[in-house]
Each structure stands twice: as C-alpha cells, then as structure tokens.
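# Observations on the three-dimensional arrangement
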Amino acid sequence: MRNAWAPYSNFHVGAAIEAADGAVYVGCNVESASYGLTICAERMALGAAVAGGARKLRRVVVTTEVDPPAAPCGACRQLLAEFGLDLEVVAVGPTTERRWKLAALLPDAFTKETLER
Ligand code: THU
C-alpha cells in the first residue's frame, strides 16, 4: 500500500497473495493519466504470483486506508476465481478486518467448469 501509484484517486491499495507453498507475492494499484488503464493491487499481486510459478493460492490480503475495509472489486474477484473459489479473502483497514471465502464474494461464478459443460 505504501508503494501504490495513485496520484489521481489518492486511494492506496496493497495486496499480498499467499500460495499453497507459503510463498507470498505482493502488488499495489498503479494508476494512469489515461484513467481506464489503472490496474488494481489484487490483479498486480495475482500477476506476480502467476509469473512466479504459483498455481495453488491460499489467501489474498487487501489493505486500504478505509474502515470498513474495502473488499476486492468485481474484476479482481473474477480474475482471482481463476485459481479457485476456496481462496480466503482478507480485507484489512486501519482498525478492523473482514474475511470471506471468494465463493461468498462471487456467487454463481463463471469459471472454467462453466466452459466445460
Ligand atoms: N483499487 C484496487 O486497487 N483494488 C480494488 O479492488 C478496488 C480499487 C484501486 C484502483 C484505483 O487505483 C483506486 O483503487 C480507486 O479506485
């Protein structure tokens, strides 16, 4: 979150993904003067995890400066779902935290199983 590049929104987000082997991959939001190109912290962390070879993910922790803590946006939920709806999602704010399974944040998800039907 400290390293976030968010000069337009001033909303700083950090994300850390823990893989099944305990390895941790981090990301932060990166904004662009062409606003629509902005990438969320969770998707940056997911990219780092995949590029690092991780395929089984245990948990994602998202940190923001707001309470109640901000949950991942819809696009990030969908991309995280690629690696399983059993993922634990932890949102951390300055004084409180919230936890879910990804399945609870993305009901009736469109997944690779959908494509196999
Ligand atoms: N943002 C994230 O990094 N993750 C989310 O799940 C929601 C939004 C970022 C994108 C943008 O840089 C800023 O927060 C405000 O939307």
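Before going into details, it helps to say that this report is about the structure given with it. Per-chain numbering applies: the sequence of each chain, read as written, is numbered from 1 onward. The predicted origin of the model limits local features to residues at a pLDDT of at least 70 and limits the giving and counting of side-chain atom pairs to 80 or more, whereas totals for whole chains, interfaces and linings rest on all residues. The side-chain quantities take in all heavy atoms of the structure and omit both hydrogens and water.

Our focus in this paragraph is the site of the ligand. Around the ligand, the structure places S9, F11, V13, N29, E31, T38, C40, A41, E42, P72 and C73. Here an oxygen atom of the ligand and a side-chain polar atom of N29 are 2.9 Å apart. Between E31 and the ligand, the recorded distance is 2.5 Å, taken from a side-chain N or O atom to an oxygen atom. Detection works on a 1 Å grid of protein atoms alone, calling trapped sets that fit a 1.4 Å probe cavities and calling open sets with protein on both sides within 12 Å along at least five of seven lines pockets, with lining residues defined by an atom within 4 Å of a point. Criterion for pocket placement: a molecule counts as inside a cavity or pocket if more than half of its atoms are within 2 Å of its grid points. When each cavity is represented as a set of grid points, the ligand is found to reside in the largest pocket. Residues are grouped as follows: Ala, Val, Leu, Ile, Met, Phe, Trp, Tyr, Cys and Pro are nonpolar; Asp, Glu, Lys and Arg are charged; all remaining types, including Gly, are polar. Of the residues that constitute the shell around the ligand, the class distribution is 6 nonpolar, 3 polar and 2 charged. The criterion for a residue being near a molecule or strand is simple. One of its heavy atoms has to lie within 4 Å of it. Counting of polar contacts relies on pairs of N or O atoms within 3.5 Å, with two restrictions inside protein: one atom must be capable of donating a hydrogen and the other of accepting it, and residues adjacent in sequence are counted only when both atoms are side-chain atoms.

Attention now moves to helix α1 (residues 41–51). Exposure classes here rest on a 1.4 Å probe applied to the protein chains alone. A residue is buried below 20% of its type maximum, exposed above 50%, and partly exposed in between. Helix and strand assignments follow DSSP, with helices taken as H or I runs no shorter than four residues and strands as E runs no shorter than two, numbered in order from the N terminus. All of the buried residues along α1 are A41, E42, A45, L46 and A49. In an axial view of α1, the angular spread of the buried residues amounts to 135 degrees, which keeps them on one side of the axis. Contacts were defined at the residue level, with two residues in contact if any of their heavy atoms lie within 4.5 Å. Tucked into the core, α1 has its buried residues touching β1 (14–19), β2 (24–28), β3 (57–63) and α2 (74–81). Immediately downstream of α1, the backbone of G53 shows phi near 100 degrees, a positive value. Along the arc lie the directions from the helix axis toward the C-beta atoms.

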